[in-house]
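# Fold and geometry: a report
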Amino acid sequence: QVQLVESGGGLVQAGGSLRLSCAASGRTFSSYVMGWFRQAPGNEREFVAAINWNCGTTYYADSVKGRFTISRDNTKNTVYLQMNSLKPEDMAVYYCGVKSGTSDFFNNPRRYDYWGQGTQVTVSS
């Protein structure tokens, strides 16, 4: 089992910034991807960003490119999502997930093995 604990969500004005954290513990994999997804009410869970833990390659949804940055701290087994220039349409519950194996299908939530509990991001206009 893998435990993922997200933190850092909150209320911010449009144009503001937040940094989300996701700390992982428990079972380890020889290769894996950690990703951030978000889900707004009535919508499906959508891909935001992902990072290949072994090589550090990052992936982003077009909607967040240039505004969000995913990074990792190997010593803390933690992945971060720095969110700048937030927009009202970024408002959602943000989830951290772990996908064992390669970066294939990094943007498909069904390919992820474990999820955190989610953290709410609210952006006021």
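First things first, this report covers the structure right here in the doc. The structure displayed is predicted, hence computed values, not measured ones. (Residues numbered from 1 in each chain as written. Predicted model: local features only at pLDDT ≥ 70, side-chain atom pairs only at ≥ 80, totals over all residues. Heavy atoms only, no water.)

### Observations regarding the sheet that holds strand β1 (residues 2–7)
Read across the sheet, 4 strands follow the order β1-β3-β8-β7 without closing on themselves; strand pairing throughout is antiparallel. What marks the edges here is a single partner per strand, and that holds for β1 and β7 (68–73). In this sheet, adjacent strand axes meet at a mean angle of 15° when their direction is disregarded. Pairing of β7 with strand β8 (residues 78–83) involves 6 bridges; the strand directions are antiparallel. The residue bridging R72 from the neighbouring strand is V79, located in β8. (Pairing = 2+ DSSP bridges. Helix = DSSP H or I, 4+ residues; strand = E, 2+ residues; numbered from the N terminus. Axes fitted to C-alpha atoms, helices over the stretch in contact; angles between N-to-C directions.)

### Observations regarding the pattern of salt bridges
Under the counting rule described, the total for this entry stands at 4 salt bridges. A salt bridge links R38 to E46, with the nearest nitrogen and oxygen atoms 2.6 Å apart. Using a relative accessible area of 5% as the deciding quantity, one classes R38 as buried. A salt bridge links D62 to K65; its shortest N-O distance comes to 3.2 Å. Salt bridges here are not isolated pairs; linked through shared partners, they connect R38, E46, R67 and D90. (Salt bridge = Lys/Arg side-chain N within 4 Å of Asp/Glu carboxyl O. Buried < 20%, exposed > 50% of the residue type's maximum accessible area, 1.4 Å probe, protein only.)

### Topic: the state of the cysteines
Following the criterion strictly, the structure yields 1 disulfide and no others. The residue that forms a disulfide with C22 is C96, at a sulfur-sulfur distance of 2.1 Å. Measuring handedness by torsion sign, the sulfur bridge of C22 and C96 sits at about -75° and is left-handed. Within this pair, whereas C22 is found in strand β3 (residues 18–26), its partner C96 is found in strand β9 (residues 92–100), the two being separated by 74 residues in sequence. Of the two residues examined, C22 and C96, each falls in the buried class. Not engaged in a disulfide, the cysteine C55 finds its nearest cysteine sulfur in C96; these two sulfurs lie 17 Å apart. (Disulfide = S-S within 2.5 Å.)

### Section: the nonpolar core
Counting residues in hydrophobic clusters, the biggest one holds 34 residues, and the most contacted among them are M34, W36, V79, L81, M83 and Y94. Listing elements by their share of this core, those giving two or more residues are β1, β3, β4 (32–39), β5 (46–52), β7, β8, β9 and β11 (119–124). Setting aside its immediate chain neighbours within four residues, V79 contacts L20, S21, C22, M34, W36, I51, W53, I70, S71, R72 and C96. (Core = buried A, V, L, I, M, F, W, Y, C linked by side-chain atoms within 4.5 Å. Contact = heavy atoms within 4.5 Å.)

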